[in-house]
Amino acid sequence: MDLKYKFLRGWKELHWTNFTGIAAAGIINAFGVTLFLYPVKLYDSGISGVSMLLDQVTSPRLTLSLFLIAFNVPIFLFGLKKQGFAFTVYSIFAVAVYSVMSFLIMNVLPINVEFVSPLAGSDLLLCAIFGGIISGVGSGLTIRFGGAIDGIDVLSVIFAKNLGLSLGSFVLIFDVILYIICGIVIESWILPLYSIVTYYIGSQMVDFIVEGFDRSKCAMIVTTKALEISDALSEHFQSSGTIVNAIGGYSREEKQILYFIVNHFEINRLKKIVYEIDKSAFISLQDVSDIIKKKDLAK
């Protein structure tokens, strides 16, 4: 009964708008990989990269599309309990779209991706850059709409903590090992090295799509004039902060910490306002990947 309840609750979390966005993301990702990376034998990251390598070294009957489904779907099902029903369904759908679209481009549509990129020719740098950009956009959009297009994301969530690694470090180590294996198998390091360019650009595009260019900053302001600073910042930025009482570790002086969120373009103005009121204030800035408000939870 509990399993049935979780299934029904998970089913209700699915939205057709997310499926539409993920379908677009899968198509975009397929174009990036098959039109730029696959023709010149560059490698994507994660399970997609593993699938591309196996497509090269195994029987012609074992295609990229087949490997994408064969590896990714079991991984997403393995992470079902930890990641949730909706995430798993969205992710499997994303892989299916990516796989089907890749098959159509390489085998059905009148596009020759056998030897060189239809758009960038044999220029490895152009293929690495634009393949990374386009596939990164596809991966980022999939995350924005609640899923993942590569099983490496699930593996990192499941195993990274147990290995004492961050999620990003786990993915990086996986890809470095993958590119080393690729270099050994094809007996050349040129393509794996260019693939690192693809990986870096793709990861930056994912960050851009998920977090946006105008990402927020958390300002931690240690001061003795928190109320005055808070009023000034609230008046200027039309938003409020949070004040926490604190004690100086060395001076034992009573202070306050003002927690305030600004965007990238507001940092200099924030500093000016703070130091006009308290020249001895200490400001620490950190990236904020997302801000969730109560009204967002009600949607």
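Residues numbered from 1 in each chain as written. Predicted model: local features only at pLDDT ≥ 70, side-chain atom pairs only at ≥ 80, totals over all residues. Heavy atoms only, no water.

S.K.: Teacher, can you tell me more about the pairing of strand β2 (residues 242-247) here?
M.R.: Side-chain positions along a regular strand alternate between the two faces of the sheet. Inspection of the sheet shows β2 paired to strand β3 (residues 254-263) by six bridges, in the antiparallel sense. Bridge pairing in β3 places T242 opposite Y259. Counted along the chain from β2 to the antiparallel partner β3, the turn is six residues long, and its residue R252 has a positive phi close to 60°. (Pairing = 2+ DSSP bridges. Helix = DSSP H or I, 4+ residues; strand = E, 2+ residues; numbered from the N terminus.)

S.K.: In this structure, what is going on with unusual backbone geometry? I would like to understand it.
M.R.: Negative phi values dominate among residues other than glycine, just as trans dominates among peptide bonds. In this model, K41 sits at a positive phi of 65°, which is unusual for a non-glycine residue. Tracing the chain through its elements places K41 in the loop between α2 (16-37) and α3 (46-57). Located in the positive-phi region is Q238, a residue other than glycine, with phi close to 55°. Its place among the elements puts Q238 in the loop between α11 (226-237) and β2.

S.K.: Can you walk me through the sheet that holds β3 in this structure?
M.R.: Sheet strands pair via backbone hydrogen bonds, and the direction of the pair is either parallel or antiparallel. Spatial ordering of the open sheet is given by β2-β3-β1-β4, a layout of four strands whose pairing is antiparallel. Edge positions in the sheet fall to β2 and β4 (282-288), since each has one partner strand and no second. Mean inter-strand twist for the sheet, computed between neighbouring axes without regard to direction, equals 25°. Relative to β3, strand β1 (residues 216-223) is paired through eight bridges, and the arrangement is antiparallel. Counted as the bridge partner of M220 is Y259 from β3. Across the sheet, α11 is in contact with β1, β2 and β3; its angle to β3 comes to roughly 15°. (Axes fitted to C-alpha atoms, helices over the stretch in contact; angles between N-to-C directions. Contact = heavy atoms within 4.5 Å.)

S.K.: Mind showing me how you'd approach the nonpolar core here?
M.R.: Soluble globular proteins tend to bury their nonpolar side chains together. In terms of nonpolar packing, the biggest core is built from 46 residues, with L42 and Y43 touching the most fellow members. Contributions of two or more residues to this core are made by α2, α3, α4 (64-78), α6 (85-107), α7 (124-144), α8 (152-159), α9 (167-186) and α10 (190-211). Considering every element that reaches this core, the biggest residue donor is α6, with 10 residues. The residues contacting Y43, other than those within four sequence positions of it, are G49, M52, L53, Q56, Y179, C182, I186, L191, S195 and T198. One finds I229, F237, L270 and I273 within the second-largest nonpolar core, a separate group that totals 14 residues. (Core = buried A, V, L, I, M, F, W, Y, C linked by side-chain atoms within 4.5 Å. Buried < 20%, exposed > 50% of the residue type's maximum accessible area, 1.4 Å probe, protein only.)

S.K.: Teacher, can you tell me more about α7 here?
M.R.: Working note: α-helix, 3.6 residues per turn, so residues spaced by three or four point in the same direction. Taking 1.5 Å per residue as the helical rise, α7 with its 21 residues ought to reach 30 Å, and the 29 Å between its terminal C-alpha atoms agrees with that figure. For α7, the set of buried residues is L124, C127, A128, G131, G132, S135, G136, V137, G138, S139, G140 and T142. Measuring from the side-chain oxygen of the N-cap residue of α7 to the backbone nitrogen of L125 gives 3.1 Å; that N-cap residue is D123. (Expected span 1.5 Å × (residues − 1). Polar contact = N/O pair within 3.5 Å; in protein donor to acceptor, adjacent residues only side chain to side chain.)

S.K.: What am I meant to see in the packing of α4 against α6 here?
M.R.: A pair of packed helices is characterised by two quantities: the angle between their axes and the separation of those axes. Packing of α4 against α6 leaves a shortest axis separation of 9 Å and a crossing angle of 175°. As judged from the angle between their axes, α4 and α6 are roughly antiparallel. Across from L64, S65, L68, I69, N72, V73, F76 and L77 in α4, the residues of α6 making contact are F87, T88, S91, I92, V95, Y98, S99, S102, F103 and M106. Looking at the contact of α4 with α6, its residues break down into 12 nonpolar, six polar and no charged. (Parallel < 35°, antiparallel > 145°, perpendicular 65-115°, else oblique. Nonpolar A, V, L, I, M, F, W, Y, C, P; charged D, E, K, R; others polar.)

S.K.: Looking at this structure, I do not really get the pattern of salt bridges. What am I missing?
M.R.: For side chains bearing opposite charge, pairing can occur when the charged atoms are close. Scanning all chains against the criterion turns up one salt bridge. Between E253 and K255 there is a salt bridge, with the nearest N and O atoms lying 3.6 Å from each other. Residue classification places E253 among the partly exposed residues on the basis of a relative accessible area of 39%. A relative accessible area of 23% places K255 in the partly exposed class. (Salt bridge = Lys/Arg side-chain N within 4 Å of Asp/Glu carboxyl O.)

S.K.: Teacher, can you tell me more about the side chain of S117 here?
M.R.: In this structure, S117 sits in the loop between α6 and α7. For S117, the contacting residues outside a window of four places in its chain are L35, F36, P39, V40 and C127.

S.K.: Help me out: how do you make sense of α3 in this one?
M.R.: Helix length check: α3, at 12 residues, gives a terminal C-alpha distance of 17 Å against a target of 16 Å (1.5 Å per residue), a fit within 8%. Every buried residue of α3 is accounted for by G46, I47, S48, G49, S51, M52, L53 and D55. Tucked into the core, α3 has its buried residues touching α2, α4, α6, α8 and α9.

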